[in-house]
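Each chain is listed here by its residues.
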Amino acid sequence: MIPLFKVHAPPNVGQEIQSIFDSGFITEGEKSDLFEKKFGDLIQNNDVAIVNSCTSALTLAYEMAGVGPGDEVISSPMTCMATNEPIHNAKAKIVWADIDPETGNINPESVLKNITSKTKAIVAVHWSGLPFDIDAVNKIAKDHGIKVIEDAAHALGAKYNGKNIGNHSDFVCFSFQAIKHLTTIDGGAISTTLGQEYIDEIRRLKWFGLDRKFKGQKWSQDIKRSGFKFHMNNINSSIGLLQLSYIDNIILSHINNGRLFDKEINNKYVKKLRLDSNIESSYWIYTVLVDSPGHFSEFLSQNGICSDVVHVRNDKYTVFSDYRSNDLDGCDNFCSKMINIPVGWWLTENDRHHIIDTVNSYRP
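Calculation notes
Residues numbered from 1 in each chain as written. Predicted model: local features only at pLDDT ≥ 70, side-chain atom pairs only at ≥ 80, totals over all residues. Heavy atoms only, no water. Helix = DSSP H or I, 4+ residues; strand = E, 2+ residues; numbered from the N terminus. Contact = heavy atoms within 4.5 Å. Pairing = 2+ DSSP bridges. Salt bridge = Lys/Arg side-chain N within 4 Å of Asp/Glu carboxyl O. Buried < 20%, exposed > 50% of the residue type's maximum accessible area, 1.4 Å probe, protein only. Axes fitted to C-alpha atoms, helices over the stretch in contact; angles between N-to-C directions.

A. A look at the environment of Ser297. Along the chain, the position of Ser297 falls in helix H10 (residues 293-302). When the C-alpha atoms of Ser297 and Ser307 are compared, they prove to be 6.0 Å apart, with 10 residues separating the residues in sequence. Setting aside anything within four residues of it in sequence, one finds Ser297 in contact with Ser307 and Ile339.

What follows is the structure in structure tokens.
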């Protein structure tokens, strides 16, 4: 079977992990600082902080946006639950915005319709690595004095208006979970466009509210704002540093495979996502839309190709039952047709053409 996901493991990763253990310095330290700097270089924004998960990054973003009890956050239901559970845990209200059924991304018109005096932030996902309409969402936010948080878990290496994702909105959250473009086993990062003061506060909040780089006895500092224990350790960071040696080729492989599929998949029964002219997808997954996704998935399986929906719309989970909305026609349409096929760095030339030929031969 051609896998939908595969974990990238550098050949010398075991030796590197052992060397960290042998050093005796296994928690946050020099390796973490170096990985944070090099990741900032990768996305071309050094106002970035690495953390232990994208969920933690999102939690920090909501905290920095001032989200709390009684507030509202506009969000997409078409995402991992990690996008929305921190809002629920902050005792704020999730307000579902509809999505564009041709991209899976948040619909700015639906966002605008759901703005109220209680709206504190908008969080939007780059579905499958395909950037959403950042300009439209940021304009809405600016007009109403609220913050924008990008969930870029799928979108490392994607570009919008020629700039890397990580440089457009108030806060941008990345994932280094096992099957992402860049993995540290688990991990994440948060960048900001709001400047040094904001990233310094984020770095304090990720470690109890203390400055980890404080010169002197760290615990002697005053904690002025309650924080979390969200820092990344030296072991995960050392894995990240190794992965960065390969990341350009990993991302490029995803992009080249995705662009080949864009060009060569031509089947009237299989619809591809819309690609607007000002965006470049990172193709973490390759989403197609078919009238009977279960039947299509079984057909792929019979031909040795894995597929899956990957994420389930969040408004169907019981934990979010208080936030349900009946006005999500775009999401209904998208979810009734969506399925994802392999597009990653592990595909061989034979795999790529087998996928194309198989998809093109599908008949309902």
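B. Main features of the sheet that holds strand E6 (residues 159-160). Reading across the sheet, the 3 strands line up as E7-E6-E11 and stay open at both edges, with antiparallel pairing between neighbours. The open sheet has two free edges, formed respectively by strand E7 (163-164) and strand E11 (279-280), since each of these has just one partner strand.

C. Examining the pattern of salt bridges more closely. Inspection of the entire model under this criterion finds 21 salt bridges. Where Lys213 meets Asp33, a salt bridge forms, and the shortest distance between an N and an O atom there is 3.3 Å. Residue Lys213 is located in the loop between helix H7 (196-205) and helix H8 (234-244), and its partner Asp33 is located in helix H2 (residues 30-43); the two are separated by 180 residues in the primary sequence. A salt bridge links Arg274 to Asp100; the nearest nitrogen and oxygen atoms lie 3.0 Å apart. With a gap of 174 residues between them, Arg274 in the loop between strand E10 (271-272) and E11 and Asp100 in the loop between strand E3 (93-96) and helix H5 (108-113) connect regions that are remote in the sequence. For Asp100, a relative accessible area of 18% gives the class buried. Through salt bridges with shared partners, a single ionic network connects Glu28, Glu36, Arg203, Lys206 and Arg212.

D. The arrangement of the sheet that holds E10 in detail. Here we have 3 strands laid out as an open sheet, ordered E10-E12-E13, and antiparallel in their pairing. What marks the edges here is a single partner per strand, and that holds for E10 and strand E13 (338-341). Of the strand pairs in this sheet, strand E12 (residues 286-289) and E13 are connected by 4 bridges, and their pairing is antiparallel. Residue pairing for E13: Thr287 is matched across the bridge by Asn340. Those strands touched by H10 are E12 and E13, and its axis lies near 20° from that of E13.

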